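So the chains spell out like this:
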Amino acid sequence: MTGALELHTEEKRDITLRVFRFNPQVDSKPYFDDYTIQIEKGITVLRSLNYIKEHVDASVSFRAFCQAGICGSCGMRINGISKLACTTQVWDELSKCREAGIIKIEPLRNMPLIKDLIVDMDPLVDKMKHYSNWIETRMPESEIGKKEFLVSEEEFRKYDKATDCILCASCVSECTILRAHKEYVSPAVLLKSYRMNVDTRDAIHDVRLGELVKDHGVWDCTHCYRCQETCVKHIPIMDAIHGIREDAIEVRGARDTSGAKHAEAFMEDIEKKGKLVEATLPIRTNGVAWTLQNLLPMAMKMIMKRRTPPPPPLVKPAKGMKKFRELFREMTEHVKAEQKSHKK
């Protein structure tokens, strides 16, 4: 009996939650408050925050609802990573603390702050509206309500994973492009757009795709994979982004946008030399006029520092190019065959 009591005591300890605080109505700048409470093993970060709000400081503000990893309301940054507070165990976070026993909790990034841990989701919703993240049915209006509009199991598998998204915005918070350009479409909207575009019941595929390939759209993604690595539902978001790009090239052509031109130039260089010809890449992507207007000052600085890329004639093919070209062409044919099978 004594041993069981000692074991139970070992499963409790004092832990400090360092919580980001900011009330724009009264505070001139953000700050952190430390709350030290006794926590049992098995308690989540959200339950700990609820305890603080109910018993320690009622002014702490955060969003929460289902407490079961379903609604996505309690997204926040815990020890520097965006995740759901309701599915994050306090005990699991202890090994990730920069300061022993102190769990740092902050609001999601890349969205306007409302108060403490609450961010404004309206900009994200506005982007979803702009990119038509819903199904416009192909069913004639006269038939709506008279029968179901069914999809086959094979068709559903194409976007099955994408339907798991709960709009917690963890991927938005971790997106490196959004930190520099707030206008960027965002991983969440790209995922939703992909889900709608591959749905055979949708009637506005081309309209939606036309918006996605414009500035701040799908071609701006830098493949950092942060969105996918931090997705709380383990959705392969990058597969969706690649799917939109492949769709854009197939439907609209390889030279439809600067992003598509960049991808084409990239692939041409890799096939021919196994490496990039960086000196001409901006011109082949955006044209001479754009390159001179936007990159000439940076080019002059690089020349002064002797850090310019070599001119095309001096870019020698990589070793083993004959074998590489065979593999490259084999891979290209394999991708094309897969695309055709998906279409069917």
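For the structure itself, consult the block above.
Sheet strands line up and pair through hydrogen bonds in the backbone, either parallel or antiparallel. One open sheet holds the 5 strands; their spatial order is β2-β1-β5-β3-β4, and the pairing between them is mixed. The two strands at the open ends of the sheet, each matched to only one other strand, are β2 (31-40) and β4 (81-84). Taken over all neighbouring pairs, the strand axes of this sheet differ in orientation by 35° on average, direction set aside. Two elements, strand β1 (residues 12-21) and β2, share 10 bridges in a ladder whose sense is antiparallel. From the neighbouring strand, Lys-12 faces β2, where its bridge partner is Glu-40. Here helix α2 (residues 45-55) sits on the sheet in contact with β1, β2, β3 (75-78) and β5 (102-106), set at roughly 105° to β2.

Let us now look at the nonpolar core. Counting residues in each nonpolar core, the largest one holds 37 residues, and the members touching the most others are Val-172, Tyr-184, Leu-190 and Ile-237. Looking at this core, the elements that each hand over two or more residues are α4 (122-130), α6 (170-174), α7 (176-180), α8 (187-197), α9 (205-212) and α11 (237-252). Looking at this core, the element that brings in the most residues is α11, giving 6 residues. With sequence-adjacent residues up to four places away left out, Ile-237 is seen in contact with Cys-171, Pro-187, Leu-191, Cys-227, Gln-228 and Cys-231. In this structure, Leu-17, Phe-20, Val-60 and Cys-74 belong to the second largest nonpolar core, which totals 30 residues.

For the pair α8 and α9, the least separation of the axes is 10 Å and the interaxial angle reads 155°. Comparing their axes, α9 and α8 come out roughly antiparallel. The handedness of the crossing between α8 and α9 is left-handed. Of the residues in α9, those touching α8 at Leu-190, Ser-193, Met-196 and Asn-197 are His-205, Arg-208, Leu-209 and Leu-212. In terms of residue class, the contact of α8 with α9 is made up of 4 nonpolar, 3 polar and 1 charged.

Now for the environment of Arg-138. Counting through the fold element by element, Arg-138 comes out in the loop between α4 and α5 (153-157). With 63 residues separating them in the primary sequence, Arg-138 and Arg-201 have C-alpha atoms 5.7 Å apart. Contacts of Arg-138, omitting those with residues within four sequence positions, involve Phe-149, Thr-200, Arg-201, Asp-202 and Ala-203. Of the polar contacts made by the side chain of Arg-138, one reaches the backbone oxygen of Thr-200; its length is 2.6 Å.

All told, the structure shown has 2 aromatic pairs when counted by the stated rule. Here the aromatic rings of Phe-20 and Phe-32 are separated by 5.7 Å at their centres, their planes lie at 85°, and the arrangement is edge-to-face. One end of the pair, Phe-20, is in strand β1; the other, Phe-32, is in strand β2, and 12 residues separate them in sequence. Consider the rings of Phe-156 and Tyr-159, whose centres lie 5.3 Å apart with planes at 85°: the pair is edge-to-face. Take Phe-156: its relative accessible area is 32%, and that puts it in the partly exposed class. Overall, the relative accessible area of 2% leaves Tyr-159 in the buried class.

With that settled, the discussion passes to a nonpolar patch on the surface. On the surface, a nonpolar cluster with roughly 540 Å² of combined accessible area is contributed by Ile-283, Val-288, Leu-292, Leu-296, Met-300 and Ile-303. In terms of residue count, helix α14 (residues 288-304) provides more of the nonpolar patch than any other element does, 5 residues in total. Along the polypeptide, Ile-283 turns up in helix α13 (residues 281-286).

What follows deals with unusual backbone geometry. Positive phi, normally seen in glycine, also occurs at Ser-186, with a value near 95°. Position of Ser-186 among the secondary structure elements: in the loop between α7 and α8. Despite not being glycine, His-223 shows a phi value in the positive range, around 60°. Inspection of the secondary structure assignment puts His-223 in the loop between α9 and α10 (226-230).

Turning our attention to the side chain of Glu-93. Its place among the elements puts Glu-93 in helix α3 (residues 90-93). Given a relative accessible area of 1%, Glu-93 falls into the buried group. With residues near it in sequence (within four places) discarded, Glu-93 still touches Ile-78, Asn-79, Lys-83, Thr-88 and Ile-103.

For the rest of this paragraph, the subject is the packing of α9 against α11. Relative orientation of the contacting elements α9 and α11 amounts to 110°, with a least axis distance of 11 Å. Relative to α11, the element α9 is oriented roughly perpendicular. Here His-205, Asp-206, Leu-209, Gly-210 and Leu-212 of α9 come into contact with α11, specifically with Ile-244, Asp-247, Ala-248, Val-251 and Arg-252.

A few words now on α2. Regarding α2, the residues found buried are Val-45, Leu-46, Ser-48, Leu-49, Asn-50 and Ile-52. Against the buried residues of α2 lie β1, β2, β3, α3 and β5.

Thresholds applied
Residues numbered from 1 in each chain as written. Predicted model: local features only at pLDDT ≥ 70, side-chain atom pairs only at ≥ 80, totals over all residues. Heavy atoms only, no water. Pairing = 2+ DSSP bridges. Helix = DSSP H or I, 4+ residues; strand = E, 2+ residues; numbered from the N terminus. Axes fitted to C-alpha atoms, helices over the stretch in contact; angles between N-to-C directions. Contact = heavy atoms within 4.5 Å. Core = buried A, V, L, I, M, F, W, Y, C linked by side-chain atoms within 4.5 Å. Buried < 20%, exposed > 50% of the residue type's maximum accessible area, 1.4 Å probe, protein only. Parallel < 35°, antiparallel > 145°, perpendicular 65-115°, else oblique. Left-handed = near helix turned anticlockwise from the far one by under 90°. Nonpolar A, V, L, I, M, F, W, Y, C, P; charged D, E, K, R; others polar. Polar contact = N/O pair within 3.5 Å; in protein donor to acceptor, adjacent residues only side chain to side chain. Phe/Tyr/Trp six-rings, centres within 6.5 Å; stacked < 30°, edge-to-face > 60°. Patch = residues over 30% accessible without salt bridge, like charges linked within 9 Å, V, L, I, M, F, W, Y side chains within 5 Å. Areas by Shrake-Rupley, 256 points an atom, 1.4 Å probe, with all protein chains shown as cover. Salt bridge = Lys/Arg side-chain N within 4 Å of Asp/Glu carboxyl O.

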